[in-house]
Every structure is written in C-alpha cells, then in structure tokens.
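Architecture and fold: a report
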Amino acid sequence: VRRAELSDVDAMVGLLRDDFRARLFGPIVDRGSFLRNLSARPGCDLSRYYVAEQDGEVVGTCAAWDTGRLKQNRIVRYGRKFKWMRKAHAAAAALLDLPPLPKEGGTTRDATITDCAVRGRDPEILEALLARVYNDCAQKKYHLLIFGSCGQDPLLRATKRFLGQTTVFEIVLFSTDPS
C-alpha cells in the first residue's frame, strides 16, 4: 500500500466506477469528474489517496479525508464513566505517543475514509489499506478514523482488527422537487 500518484488515477477511477455501479445512489465516476472533485473538496486532494497493489496492479483505493474544514466533532461533555477513562488515556498517551483527548468543548481531529473500492470486494485488500491509513493518521495525531458502510457489507470484516466503536444510524433521503 502506498500513496496514490497522478499515474494511478485511471486505475483508481476504474475501481471506483466498478464498485459504485452496483450501489444505490452510487455516483458516476470518470477521470474528469474524479479530477474535478479533487479540486472541489477542501482538504482532500490526491495526496490524501492511497492505492493497494498486487503483482504491480492497483487492486484497491481509498482516501483519508480530513473534513475538519467542513464539520467538527465537538466533545460536549464527558460523563462520569468517561472522565476517569480520559484520565487513564492521558497517562497512557504520554507512554504510547497518542494525542490527548480534547477538553470539554474541544474538537476531535478526524479522518473519514471515502472513495473506497477494492477488487472483488476483498476485505483483505481493504484491511491493508486501512492499516496504512491508520498508521499515517496515528503519526499525525488524529483521534478518529471514520469508516462507514451498511451493516451487511462483507468489507466490514476488514475493520475487526482495529479498536473502535460501531455506530448504527439511518439515512432518510427526500426531494423537494416534485418532478
């Protein structure tokens, strides 16, 4: 797994197009739209993309988008249980070179996995991508790495090796245009 380069764009677009084609509300991706999106997303240029290679061929891609300029996850308050966990984390953070948790009212530093596609929906390829992204984000002192998918997605097996919290939510879509 390595950082993506401009020469990888066609292979990345091919993977994304194949993966998105089968998704409900999946975007239509071509080289032009992909490159336009790179300039339109604050904090998500080509340097935020990764590719997984196998036998010299790109078999997976994803981006780790720092969405801090668009949204922030703010710690409103720490409950009783989390206050002692925050103190324990502070002690361990110094030993393990982790970023301190924000104070109440502070924000977390997050990276969101986006534009994710792997050949054959292979969880092992995604796990390799996520491991590299996780390590890079840990070095940059991110608090959270956010990966979203539907609950039945076999790719979620790739997340099992990471300590994390599963959050279940529903998305409701509607149109204001009657046509």
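Above this text is the structure in question.
Starting from 1, residues in each chain are numbered consecutively following that chain's sequence as written. In keeping with the model being predicted, local features are shown solely for residues with a pLDDT of at least 70 and side-chain atom pairs are shown and tallied solely at 80 or more, while totals for entire chains, interfaces and linings include all residues. For the side-chain quantities, the full set of heavy atoms in the structure was used; hydrogens and water were omitted.

**Some details on the overall build of the protein chain**
Strands are runs of DSSP state E lasting at least two residues, helices are runs of H or I lasting at least four, and both sets are numbered from the N terminus onward. From N to C terminus, the protein chain includes 4 helices and 5 strands. With the C-alpha coordinates aligned to their principal axes, the bounding extent of the protein chain is approximately 50 × 50 × 30 Å. Looking at the protein chain residue by residue over its 179 residues, the buried ones come to 34%. Residue exposure ignores everything except the shown protein chains as possible cover, and the areas themselves are Shrake-Rupley values with a 1.4 Å probe. Per element, the accessible surface of the protein chain, about 12,200 Å² overall, is 55% carbon and sulfur. Taking the 28 positively charged and 22 negatively charged side chains of the protein chain as two groups, their mean positions are separated by 11 Å. In this scheme, a residue with accessible area under 20% of its type's maximum is buried, one over 50% is exposed, and one in between is partly exposed, where area comes from a 1.4 Å probe on protein chains only. Two residue types count as positive, namely Lys and Arg, and two as negative, namely Asp and Glu; His and chain ends fall outside the count. In plain terms, the charge of a residue is placed at NZ if it is Lys, CZ if Arg, CG if Asp and CD if Glu.

**Regarding the pattern of salt bridges**
Salt bridges are defined as contacts in which a side-chain nitrogen from Lys or Arg sits within 4 Å of a carboxyl oxygen from Asp or Glu. Across all of its chains, the model carries 11 salt bridges by this definition. Between Asp 97 and Lys 141 there is a salt bridge, with its nearest N and O atoms 2.7 Å apart. A residue pair is termed long-range when its members are at least 10 positions apart, and Asp 97 in the loop between α3 (80–96) and β4 (110–118) and Lys 141 in the loop between α4 (123–139) and β5 (144–146) qualify at 44 residues. Given the relative accessible area of 55%, Asp 97 is considered exposed. Looking at Lys 141, the relative accessible area reads 28%, which means it is partly exposed.

**As for empty space enclosed by the protein**
The rule is simple: put a 1 Å grid over the protein atoms alone, call a set of points where a 1.4 Å probe fits but cannot get out a cavity, call an open set with protein on both sides within 12 Å along at least five of seven lines a pocket, and count a residue as lining if it has an atom within 4 Å of a point. Grid points are joined across faces, edges and corners, and a volume is the space filled by probe spheres set on the points. If you walk through the whole model with that rule in mind, you get 1 cavity of 30 Å³ or more. Taken as a whole, the largest cavity encloses approximately 40 Å³ of empty space. Residue lining of the largest cavity: Arg 3, Arg 48, Tyr 50, Ala 64, Asp 136, Cys 137, Lys 140 and Tyr 142, and that is the complete set. Any residue outside Ala, Val, Leu, Ile, Met, Phe, Trp, Tyr, Cys, Pro, Asp, Glu, Lys and Arg is labelled polar, Gly included; the first ten of those are nonpolar and the last four are charged. Considering only residue class, the lining of the largest cavity consists of 4 nonpolar, no polar and 4 charged.

**Comments concerning a nonpolar patch on the surface**
By definition, no residue in a patch forms a salt bridge, and every one has over 30% relative accessible area; like charges are joined within 9 Å, nonpolar side chains (Val, Leu, Ile, Met, Phe, Trp, Tyr) within 5 Å. Taken together, the side chains of Leu 24, Phe 25, Phe 169, Ile 171 and Leu 173 present a nonpolar region at the surface, about 690 Å² in accessible area. The topology assignment puts Leu 24 in the loop between α1 (9–21) and α2 (31–40). For Leu 24, a relative accessible area of 72% gives the class exposed.

**Looking at the packing of α1 against α2**
Close contact between α1 and α2 brings their axes to 10 Å; oriented N to C, the two are set at 105 degrees. What the angle tells us is that α1 and α2 run roughly perpendicular. Across the interface between the two elements, Val 9, Asp 10, Met 12, Val 13 and Leu 16 of α1 pack against Arg 31, Phe 34 and Leu 35 of α2. When its residues are assigned to classes, the contact of α1 with α2 shows 6 nonpolar, no polar and 2 charged. A fitted line through C-alpha atoms represents every axis, and for helices the fit uses only the stretch in contact; the resulting angles, taken between N-to-C directions, go from 0 to 180 degrees. Reported orientations rely on four angle classes, namely roughly parallel under 35 degrees, roughly antiparallel over 145, roughly perpendicular from 65 to 115, and oblique for the rest. Contact between two residues is taken to exist if any of their heavy atoms lie within 4.5 Å; hydrogens are not considered.

**Remarks on the pairing of strand β3 (residues 57–65)**
Most of β3 is tucked away: 8 of the 9 residues are buried. A pair of strands is labelled paired if DSSP reports no fewer than 2 bridges between them. As judged from the 6 bridges shared by strand β2 (residues 49–54) and β3, these two strands associate in the antiparallel manner. Opposite Tyr 49, over in β3, you have Ala 63 as the bridge partner. Where β2 hands over to β3, the hairpin turn is made up of 2 residues, of which Asp 55 adopts a positive phi near 55 degrees. Strand direction decides the pairing type here: β3 and β4, joined by 5 bridges, are antiparallel. Within β4, the position partnered with Ala 63 by the bridge is Thr 114.

**Let's talk about α1**
Expected span, for any helix, means 1.5 Å times one less than how many residues it has. Look at α1: 18 Å from first C-alpha to last across 13 residues, which is about the 18 Å you get at 1.5 Å a residue. When we look at burial in α1, the residues that qualify are Val 9, Met 12, Val 13, Gly 14, Leu 15, Leu 16, Asp 19 and Phe 20. Looking at the buried positions of α1, the neighbouring elements they touch are α2, β2, β3 and β4.

**Re the nonpolar core**
Note on terminology: a nonpolar core comprises buried Ala, Val, Leu, Ile, Met, Phe, Trp, Tyr and Cys residues joined through side-chain atoms within 4.5 Å. Among the nonpolar cores identified, the biggest contains 20 residues, and Ile 113, Leu 126, Leu 129 and Val 133 are the most heavily contacted of them. Put simply, the parts of the chain that give this core at least two residues each are β2, β3, β4 and α4. The residues touching Leu 129, leaving out its near neighbours within four places in the chain, are Val 1, Tyr 50, Val 51, Ala 52, Gly 60, Thr 61, Cys 62 and Val 118. Counting 18 residues, the second largest nonpolar core, distinct from the first, contains Phe 34, Val 58, Trp 65 and Ala 117.

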